[in-house]
Amino acid sequence: MNVIFLTVSRMNDIRDRGIYTDLMRKFRDEGHHVYIVAPVERRYKQLTSLKEEAGIHILQVKTLNIQKTNVIEKGLGIICLEKQFKKAIQEFFKNICFDLILYSTPPITLNKVITFLKYQNPQAVCYLLLKDIFPQNAVDLGMFSQHSLFYKIFRKKEIQLYQNSDFIGCMSPANVDFILKHNSFLSKEQVEVAPNSLDLLDNAVEVNRNEIRRKYQLPIDKPIFIYGGNLGKPQGIDFVIKCLEKNKERTDCHFLIVGNGTEYSKLACWCEKAHAKSVSLLKGLPKEDYDKLVQSCDVGLIFLDHRFQIPNYPSRLLSYLEYKMPVIAATDIHTDIGSIAEKNGYGYWCESINPDDFTACVSRFVEHPDRIISMGEKGYQFLLDNYLIKYTYQTILKHIC
């Protein structure tokens, strides 16, 4: 089977670990021919080119900067993406018949590319991996109104994207319910759970926790609560700061924040003024270094802005579960990431409004350290039963075979 995957994530090395690279390697390992179309932003000074890497064809399309850049360039880059992707596909993949057309959100602006591919490959199944519900998430965060022209334009594109898709794979049951509730033209048979998932390492090596902690000047004799990932508007950084402020004098645990994003400077400014001995802040690390650091910590943190009405399901949960760490999810009331953790015994949930509620979750682990190990084991088992790449692969493949 010929599979084409459209993504705005940078695909520099197919051997890297990630929810998309793991899935593409799975398709390859099962004997399929995999073709990826991904941007290579102008900052990398590369022309559009096709390469084969580890048996996978990667078409890197030169684009404007669409990640970690100013709003104007990002907007223009996303608008131009359709034309650039379509032109590159016509040039490099013109003689290939595709059986499966895979694509993910963000963005919602690849409709013309998908329509083109559907026309060229009428037998193909179109499958959307829904990782982002836009424009409603922007409305939730106050970026623009539901009555604005921006919303109407983007909502129309979102509807077109869903209409173009034969099937939509969502991250969790709450995502499925939300999409069906707000898009009545979709049938229950079209929308399903195809969660964020990963491929476990065959040769995983345990790290020297004390050595890693010393490297980053972290305490050796205390439980460490780690947040790793994006530090932007969706994470509700103001609430994160309130939680850290509330716990900055603690001597029985430590908090570690690792990441990049638009709100990083706000966090850095607080850290500089607060002189909090129980808090460490690190810039984003390479994946390999970050994984070693996570393994050296005890409890994973997940933060989401309380205003969200869409059910986000951050993929950073996977690394926590992989390394047998329980979680604290401080989120809005619409996502089910916290309720699933509590139901299955691998974490605690609180609404991301009152920092006292977060502090209570922290204390439950600090006062009962045995729970860190027992709940971490439950999380790992839940990962084995639900979030391995083979399950997502099988969910998609059942619609083709």
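The following paragraphs examine the structure supplied in this document.

Conventions we followed
- Counting restarts for each chain: residues are numbered from 1 in the order of the written sequence.
- Side-chain atom pairs in this predicted model are given and counted only at pLDDT of 80 or more, local residue features only at pLDDT of at least 70, and totals for whole chains, interfaces and linings cover all residues.
- Each side-chain value is worked out from all heavy atoms of the structure, with water and hydrogens disregarded.
- Under the scheme used here, helices are H or I runs from DSSP no shorter than 4 residues and strands are E runs no shorter than 2 residues, and both carry numbers assigned from the N terminus.
- Throughout, a residue-residue contact means that at least one pair of heavy atoms, one from each residue, lies within 4.5 Å.
- Charge counting follows a simple rule: Lys and Arg are positive, Asp and Glu are negative, and His as well as the terminal groups are ignored.
- In plain terms, the charge of a residue is placed at NZ if it is Lys, CZ if Arg, CG if Asp and CD if Glu.
- A pocket here means an open set of points on a 1 Å grid, computed over the protein atoms alone, that has protein on both sides within 12 Å along at least five of seven lines. A cavity is instead a set of points where a 1.4 Å probe fits but cannot get out; residues with an atom within 4 Å of a point line either one.
- Grid points are joined across faces, edges and corners, and a volume is the space filled by probe spheres set on the points.
- Two strands are said to pair when DSSP picks up at least two bridges between them.
- Lines fitted to C-alpha atoms define the axes, with helix axes restricted to the stretch in contact, and inter-axis angles between N-to-C directions lie between 0 and 180 degrees.

When helices and strands are tallied, the protein shows 15 helices and 14 strands. The dimensions of the protein, computed from C-alpha atoms along their principal axes, are 65 × 50 × 45 Å. Partitioning the contacts of the protein with sequence separation of at least 6, the portion at a separation of at least 24 is 73%. Side-chain charges in the protein split into 51 positive and 46 negative, and the spacing between the mean points of these groups amounts to 6 Å.

Time to look at the layout of surface pockets. Space inside the second largest pocket adds up to approximately 1,000 Å³. Taken together, 30 residues line the second largest pocket, and the ones lying closest to its centre are Val-205, Glu-206, Asp-291, Gln-295 and Tyr-323.

A sheet is described by the order of its strands in space; here eight strands give the open sequence E3-E4-E2-E1-E5-E6-E7-E8, paired in mixed fashion. With partners counted over all chains shown, the strands left at the sheet margins are strand E3 (49-53) and strand E8 (191-193), one partner each. Averaged over all pairs of adjacent strands, the angle between their axes in this sheet comes to 25°, without regard to strand direction. Of the pairings in the sheet, the one linking strand E1 (residues 2-6) to strand E5 (residues 100-105) comprises four bridges and is parallel in character. Paired with Phe-5 across the strands is Leu-102, a residue of E5. Sitting on the sheet, helix H5 (residues 149-164) touches E5, strand E6 (125-130) and strand E7 (167-170), and the angle it makes with E6 is about 135°. Along the sheet, helix H15 (residues 389-397) contacts E5, E6 and E8; its crossing angle with E6, the most-contacted strand, is approximately 145°.

Overall, parallel pairing links the six strands, which are arranged E11-E10-E9-E12-E13-E14 in an open sheet. Strand pairing shows two members of the sheet lacking a second neighbour, strand E11 (279-283) and strand E14 (347-351), which therefore form its edges. For this sheet, the mean angle separating the axes of adjacent strands, direction not counted, is 20°. Packing of helix H10 (residues 287-295) onto the sheet brings it into contact with strand E9 (224-230), strand E10 (254-260) and E11, and relative to E9 it is tilted by some 155°. Contacts from helix H13 (residues 355-367) reach E9, E10, strand E12 (299-303), strand E13 (327-331) and E14 within the one sheet, and its direction differs from that of E14 by about 165°.

By themselves these figures say nothing about function.
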